[in-house]
Amino acid sequence: MHVRIPLHISGFWVPHITNNPLTTGSLGAGITLEPFVEAEIRDVLEDKVLVNSRVLTHDLIETIKRIVGVSKVNAEITSPTYLGEGLGFSAALSIVTAASALHNLGKPLTLNKVGLIAHEAEIAMMTGLSDVVAELRGGGLVVRLKPGAPGVAELDVIPVRDSVYVIPCVIREGLTTPRMLRDYWHAIREAGERVFKKFVTEPSFDKFLELSIEFSRAVFMNREVEEKLKGLLRKHLSSGNVIAYFIKKGTLVIISGKPDDELINTLKISFSRVLGVFKLALEGTSVRI
């Protein structure tokens, strides 16, 4: 069985925490990205999850095994990104692991059933609030109008132009989702509610970029950091090669119309890790038996 999952970056969000994982999640908007996470799920002869040919052990995997009631999962994942880089890989990992666990039981798969398990695990570990539902649906610019798990959350998709490239750069290591939610909770709530209200009155890709920058300034990007980024990107901003940029957790997200070698080299010299050049993924998770 082959599973293909887009990645996901939220531009802004409003956390919604309840005592039920089905209704816990977030309001907000984000973009789904390709290259996709690709996974082969095999009949369970051994308990092993490989990511880019390396064995991964993680509490998310153990949580999903416990939720489903299995002792083994077996999947080989190829991914352009990894945990902690701000692109929703933990959600993709959860989707693959949930699919493998259900496959192990010999039960029929549906995307919502896989997504429910993956979402519950993400909420239990606080590794993500809504990446699972966004990655299941896909579509480019995904809007979360009602928080919760697949089947509970309400989503909409806004059409986007396909000539947009996304270049994520890690600028701060070690800012995990649990730590982010703990350290920035009030700022995220306040800024998220403000920009989300603005967005739903005028939903568009351009508005998404504008409000992602506003949210970023309120939460992650102080004036000193922004001035440095403006100086670094001034030439590319004036030429229109860089359309916008914002920060999500410890990742700088560059939106470009046509990333040339000069821009890529500038980013590689300036930041320790440029995660690649991505395009908007216009479809969600797919499973091929």
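Overview of the structure.

## Let's talk about the overall build of the chain
Then, number 1: The helix and strand tally for the chain stands at eight helices and 13 strands.
Then, number 2: Its C-alpha atoms give the chain a radius of gyration of 18 Å, within 12% of the compact-globule value 19 Å for 289 residues.
Then, number 3: Projected onto its principal axes, the C-alpha coordinates of the chain cover approximately 55 × 40 × 35 Å.
Then, number 4: When each of the 289 residues of the chain is scored for burial, the buried share is 54%.
Then, number 5: Excluding contacts between residues fewer than 6 apart, the proportion of contacts in the chain whose partners are at least 24 apart in sequence is 75%.

## So, the packing of helix 2 (residues 89–105) against helix 3 (residues 111–125)
Then, number 1: One way to put it is that helix 2 packs onto helix 3 with a least axis distance of 8 Å and a crossing angle of 125°. Comparing the axis directions of helix 2 and helix 3 gives the class oblique. Helix-helix and strand crossings are classified by hand; for helix 2 and helix 3 the assignment is right-handed. Between helix 2 and helix 3, the residues in contact are S90, A91, S94, I95, A98, A99 and L102 and K113, V114, I117, A118 and E122, respectively.

## A short note on a nonpolar patch on the surface
Then, number 1: On the surface, a cluster of nonpolar side chains totalling about 300 Å² of accessible area is made up of L111, V287 and I289.
Then, number 2: Counting through the fold element by element, I289 comes out in the segment after strand 13 (286–288).

## Considering the packing of helix 1 (residues 59–68) against helix 2
Then, number 1: Interaxial distance between helix 1 and helix 2 falls to 9 Å at its minimum, and their mutual angle equals 35°. In the packing of helix 1 onto helix 2, the handedness of the crossing is right-handed. On helix 2, the residues touching L60, I61, I64 and V68 of helix 1 are S90, L93, S94, T97, A98, A101, L102 and L105.

## With respect to the side chain of K65
Then, number 1: If you trace the backbone, K65 turns up in helix 1.
Then, number 2: Here D47 takes part through its side chain, which lies 2.7 Å from a polar atom of the side chain of K65.
Then, number 3: K65 has contacts with D47, V70, S71, K72 and V73, leaving out every residue within four places of it along the chain.

Conventions we followed
- Residues numbered from 1 in each chain as written.
- Predicted model: local features only at pLDDT ≥ 70, side-chain atom pairs only at ≥ 80, totals over all residues.
- Heavy atoms only, no water.
- Helix = DSSP H or I, 4+ residues; strand = E, 2+ residues; numbered from the N terminus.
- Rg over C-alpha atoms; globule rule 2.2 N^0.38 Å.
- Buried < 20%, exposed > 50% of the residue type's maximum accessible area, 1.4 Å probe, protein only.
- Contact = heavy atoms within 4.5 Å.
- Axes fitted to C-alpha atoms, helices over the stretch in contact; angles between N-to-C directions.
- Parallel < 35°, antiparallel > 145°, perpendicular 65-115°, else oblique.
- Left-handed = near helix turned anticlockwise from the far one by under 90°.
- Patch = residues over 30% accessible without salt bridge, like charges linked within 9 Å, V, L, I, M, F, W, Y side chains within 5 Å.
- Areas by Shrake-Rupley, 256 points an atom, 1.4 Å probe, with all protein chains shown as cover.
- Salt bridge = Lys/Arg side-chain N within 4 Å of Asp/Glu carboxyl O.
- Polar contact = N/O pair within 3.5 Å; in protein donor to acceptor, adjacent residues only side chain to side chain.

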